[in-house]
Amino acid sequence: MSDLADRSPAHLASSAAAARPVAQPADRERRKTDLMYSALRKVFGFDEFRPGQETLISSILDHRDVVGVLPTGAGKSLCYELPALMLPGLTLVITPLISLMKDQVDGLNKADIPAAFVNSTMSYDEEAQVLAQAAQGRYRILYVAPERLNNPRFLDFACNRVPLMLVAVDEAHCVSQWGQDFRPAYLDIPRFIAQLPRRPIVAAFTATATPKAREDIAERLELRDPAKVMTTFDRPNLTWNVVRSASKADRLEWIVNWALNHADESGIVYCSTRAATEEVSERLQSVGVSARAYHGGMEAQEREETQDDFIADRTRVIVATNAFGMGIDKPDVRWVVHHNAPENIEAYYQEAGRAGRDGQPAQCVLLWMEGDFNTSRHFIETGGNDQLSREELETVRQHRRSLLKAMHAYCMTTQCLRNVIMEYFGEATHGVCGRCSNCADDGSMSSEIVDVTGEARIVCACVAEISRRFDFGFGTGKIVAVLRGSGAADLEKAGLTAVEQFGALSDHSERFIRDVMSQLVSGDYLMSFDGRFPTVGLGPLYRKVRDGAFSLQMKQESAPVRSRGRGSARVRRLGTRGVKGVRGDGVSGDTSGDGVSGGARSGANITAVDAADDIPVDEELFNRLRELRTKLARKQGAPAYTVFKNATLAEFAALKPSSEAEMLDINGVGPKSFEKYGQQFLDVISGGDGEGGGDSDRDSDYTTNDAELNEIDS
Ligand code: ADP
Ligand code: MG
């Protein structure tokens, strides 16, 4: 370890030196906090910790195991990146996806934090080289996939060649067999740790909130008395929308219009099938939207290219299955549209949550049809897992059914959508958001609610009578036909015309009756039995339907969206104050009622506002700053946000800093980024063209400071 000691970063060392002679616990705490903030500002360029980060980092620095449950975009990476800099030895990050490693390592290296990864895409020699350099103390952070932990060469490296101080387990819910992301190799992590000569601190992070998975993490990773931190699932900068589609064609058109209206923003469309991703992306391309499909059936190389193009803003819209996203840190995704309802709210929240990681306003839209739920039900009833016994399989199915029901309830609810999500994750709510498609009353996405109590009773009576009369069940199609009194010849043969409810709903469409039935299934009033011939029977709550208190409401299709044409100027009121991200309910909604609601409609994406003390953004200046940023980013072959984020540019354009000190005061600017780009931005702010300043690419002088940490250690 001694070879690490002389690599002290000057800026951390100086603050530590001032505090060094003291050894009181309170002083030690204070010194630790000072060092944490110092690294936060100087290395990462952030002013404040986000909720949960400080406690987690502080616990890790006290050598305590931790579990951090923080929603997507909350900043989990920082919780191990920062300690990795402050602790002696190497931090090992275990993460499930190779794409994640590359992005994170690129990002860290940009901030001059020495990091590397080893994974299966590398040749034997490349891997050997990285490990050799890591053994020499060249890196602070090393990323690996869990499968690597069983590799003998890696094991030798970890046990004999490097002091491992911290093992960070990212996406830790992958350890849970109950979750959909279960990754068996995660179960080997404790065994790996047990083989190390000295037990490292183990820190687990996840965004998933399934209570069962949460419990599993600490247990299965064999954490020792971990500090547990769970932060709110509220994402104030996201606006939640639910739109019921009338047909497949309708939702395709909806997506086309949406994409045209948001052409200069990055967005993701999630589809449940590969075929749908192809169809939607082709349609988007045909109207000139820069869109690409992404799914597990594509070649690895093509997938990687697609992803890189998206991150570098060469592709605007990704149309993907759920194979896309985990670990893709593109902070400025302005919208996520779901082409169909996913199977549960966790999955939905995880995917939709990829919007607006930068804290700026972003839209999440869920398009759905009843048919989506039939498809999911089918998958639940027919999907299996060879490793489970019959009983276990039934338990898993039961679990999935109840999650699906909650998803359906989310689609159908007339309550504030943000509150529904928070309540789902067990959080208290305060007031309504005022912006979601249920709260906003601009009519653009809201749906008509109809009472279908009477129809529901008739449907249930019909199913009840059929099950009385026959020893076997009938499928939805037959039951609907009975209720509508259609196809009599066929039904007569089957003896179904004698059912009392024959023709009782003859003035309703087939789809309407199917919808009512689907909703009854969701509510447990009816049940669908999936066999070789799927049938519908009575559910456990069937009797309730006959209660006087029973009532059933249904959301009708939302009004079709109107296109506002392409390329129209979409910069809304731009406002910001010293942009500290979006706070509380400070995001102003967009209720312009033009057919496409969207708080994040600004072409410039900088509409985060804290209404309390607005400082107007100089829009013209903002655009010039963006141009400079684009130029610098191109020069480096890096995505624009790695230069400065939109929020930072917005703050430049509002506060117009005129000196280094003023610029460093702005969130998102650290000494490193100032050194690289500050002068050129100052130049543009003062009316120049930004060509003057240097674009220095100085080598890193940032590595850890052993001495300090030994103190923290003590
Ligand atoms: P998660 O892994 O929790 O989904 P990330 O670690 O990828 O989230 O962080 C999301 C974004 O938040 C990143 O762009 C990161 O730079 C930013 N971020 C993290 N911590 C802070 C902070 N304290 N202040 C401002 N931005 C932050
Ligand atoms: Mg992450």
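**Observations regarding the site of ligand 1**
So, step 1. Taken together, 16 residues lie near ligand 1, and Glu48, Gly73, Lys76, Ser77 and Arg357 sit nearest.
So, step 2. Note that an oxygen atom of ligand 1 is positioned 3.1 Å from one of the side-chain N or O atoms of Arg50.
So, step 3. Taking Ser77, its side chain carries an N or O atom lying 2.6 Å from an oxygen atom of ligand 1.
So, step 4. Here ligand 1, which alone exposes 570 Å², has 87% of that area covered by the protein.
So, step 5. Looking at the shell around ligand 1, the element that brings in the most residues is helix α5 (residues 76-86), giving 3 residues.

**Things to note about the packing of helix α16 (residues 390-412) against helix α21 (residues 510-522)**
So, step 1. The geometry of α16 relative to α21 is characterised by a closest axis approach of 9 Å and an angle of 130 degrees between their N-to-C directions. Looking at the two axes, α16 sits oblique to α21. Crossing of α16 over α21 shows left-handed handedness. Contacts from Lys405, His408 and Met412 of α16 reach α21 at Ser518, Gln519, Val521 and Ser522.
So, step 2. Tallied by class, residues from the contact of α16 with α21 come to 2 nonpolar, 4 polar and 1 charged.

**Details of the pairing of strand β1 (residues 66-69)**
So, step 1. Neither face of β1 is exposed, since Val66 and Gly68 on one face and Val67 and Val69 on the opposite face are all buried.
So, step 2. Bridge count between β1 and strand β7 (residues 227-230): 4 bridges; the pairing is parallel. Bridging across to β7, Val67 finds its partner in Lys228.

**Thoughts on the sheet that holds strand β2 (residues 90-94)**
So, step 1. Overall, parallel pairing links the 7 strands, which are arranged β3-β4-β2-β5-β6-β1-β7 in an open sheet. Two strands close off the open sheet at either side, each with one partner strand: β3 (115-117) and β7. Going from strand to strand, the sheet's axes swing by 15 degrees on average, the running direction of each strand aside.
So, step 2. Where β2 meets strand β4 (residues 141-144), 4 bridges bridge the pair, whose relative direction is parallel. Within β4, the residue paired with Thr91 across the bridge is Ile141.

**Some thoughts on the packing of aromatic side chains**
So, step 1. The full count for this structure, using the stated rule, is 21 aromatic pairs.
So, step 2. On the basis of an interplanar angle of 25 degrees and a centroid distance of 6.2 Å, the ring pair of Phe154 and Phe192 is categorised as stacked. Of this pair, Phe154 sits in helix α8 (residues 152-161) while Phe192 sits in helix α9 (residues 189-195); the two residues are 38 residues apart in sequence, bridging distant segments of the chain. Across the pair, Phe192 and Phe154 agree in class, each one buried.
So, step 3. When the centroid spacing of 6.0 Å and the interplanar angle of 70 degrees are considered together, the rings of Phe644 and Tyr677 count as edge-to-face. Of this pair, Phe644 sits in the loop between α22 (619-636) and α23 (646-655) while Tyr677 sits in helix α25 (residues 671-685), and the two are 33 residues apart along the sequence. The same class applies to Phe644 and to Tyr677, which are both buried.
So, step 4. Taken together, the aromatic side chains of Phe233, Trp240, Tyr348, Tyr349 and Tyr410 make up a single cluster linked through ring pairs.

**Examining α16**
So, step 1. A rise of 1.5 Å per residue sets the reference length of α16, with its 23 residues, at 33 Å; its end C-alpha atoms lie 33 Å apart and thus fit the reference within 8%.
So, step 2. Leu393, Arg397, Leu403, Leu404, Met407, His408, Tyr410, Cys411 and Met412 are the residues of α16 that are buried.

**Notes on the pattern of salt bridges**
So, step 1. All chains considered together, the criterion is met by 34 salt bridges.
So, step 2. Here Asp112 makes a salt bridge to Lys672, at a shortest N to O gap of 3.8 Å. Of this pair, Asp112 sits in the loop between α6 (98-110) and β3 while Lys672 is found in helix α25, placing the two residues 560 residues apart along the sequence. Of the two residues, Asp112 and Lys672, neither departs from the other in class, the shared state being buried.
So, step 3. In this structure, the salt-bridge partner of Lys330 is Asp313, at a minimum N-O distance of 2.6 Å. With Lys330 in the loop between β11 (317-320) and β12 (333-338) and Asp313 in the loop between α13 (300-311) and β11, this pair connects stretches of sequence that are 17 residues apart.
So, step 4. Exposure remark for Asp313: the relative accessible area of 22% places this residue in the partly exposed category.
So, step 5. Among the ionic contacts, a cluster of salt bridges with common partners joins Arg28, Glu29, Lys32 and Asp62.

**Re unusual backbone geometry**
So, step 1. Backbone geometry at Asp112 places phi at a positive 65 degrees, although glycine is not the residue there.
So, step 2. The class for Asp112 is buried, based on a relative accessible area of 11%.
So, step 3. The phi dihedral of Glu222 is positive, around 55 degrees, even though this residue is not glycine.

**Considerations on the nonpolar core**
Nonpolar side chains in soluble globular proteins tend to be buried together.
So, step 1. Phe154, Val169, Phe192, Trp240, Tyr410, Val459 and Leu520 are the most contacted members of the largest nonpolar core, which has 153 residues in total.
So, step 2. The residues contacting Phe192, other than those within four sequence positions of it, are Leu92, Leu149, Phe154, Leu155, Ala158 and Leu164.
So, step 3. Counting 23 residues, the second largest nonpolar core, distinct from the first, contains Val617, Leu625, Val643 and Met663.

**Details of the confidence of the model for the chain**
So, step 1. Across the chain, the average pLDDT comes to 80, with 81% of residues at 70 or higher.
So, step 2. For residues 1-22, every residue scores under 50 in pLDDT, and the model assigns this stretch 51 contacts once sequence neighbours within four places are set aside.
So, step 3. Throughout residues 559-613 the model reports pLDDT below 50, and contacts reaching past four residues in sequence, or to other chains, amount to 146 contacts.

**A few points about the sheet that holds strand β10 (residues 291-294)**
So, step 1. Ordered by their spatial adjacency, 6 strands build an open sheet running β8-β13-β12-β9-β11-β10, and the pairing between neighbours is parallel. Two strands bound the open sheet, and with one partner strand each, they are β8 (238-244) and β10. Averaged over all pairs of adjacent strands, the angle between strand axes in this sheet comes to 15 degrees, irrespective of strand direction.
So, step 2. As paired strands, β8 and strand β13 (residues 362-368) are joined by 7 bridges and run parallel to one another. By the bridge assignment, Asn241 is partnered in β13 with Val365.

Here is what the cut-offs are and how they apply
- Residues numbered from 1 in each chain as written.
- Chains lettered and ligands numbered in written order.
- Predicted model: local features only at pLDDT ≥ 70, side-chain atom pairs only at ≥ 80, totals over all residues.
- Heavy atoms only, no water.
- Near = heavy atom within 4 Å.
- Polar contact = N/O pair within 3.5 Å; in protein donor to acceptor, adjacent residues only side chain to side chain.
- Areas by Shrake-Rupley, 256 points an atom, 1.4 Å probe, with all protein chains shown as cover.
- Helix = DSSP H or I, 4+ residues; strand = E, 2+ residues; numbered from the N terminus.
- Axes fitted to C-alpha atoms, helices over the stretch in contact; angles between N-to-C directions.
- Parallel < 35°, antiparallel > 145°, perpendicular 65-115°, else oblique.
- Left-handed = near helix turned anticlockwise from the far one by under 90°.
- Contact = heavy atoms within 4.5 Å.
- Nonpolar A, V, L, I, M, F, W, Y, C, P; charged D, E, K, R; others polar.
- Buried < 20%, exposed > 50% of the residue type's maximum accessible area, 1.4 Å probe, protein only.
- Pairing = 2+ DSSP bridges.
- Phe/Tyr/Trp six-rings, centres within 6.5 Å; stacked < 30°, edge-to-face > 60°.
- Expected span 1.5 Å × (residues − 1).
- Salt bridge = Lys/Arg side-chain N within 4 Å of Asp/Glu carboxyl O.
- Core = buried A, V, L, I, M, F, W, Y, C linked by side-chain atoms within 4.5 Å.
- pLDDT = per-residue confidence, 0-100.

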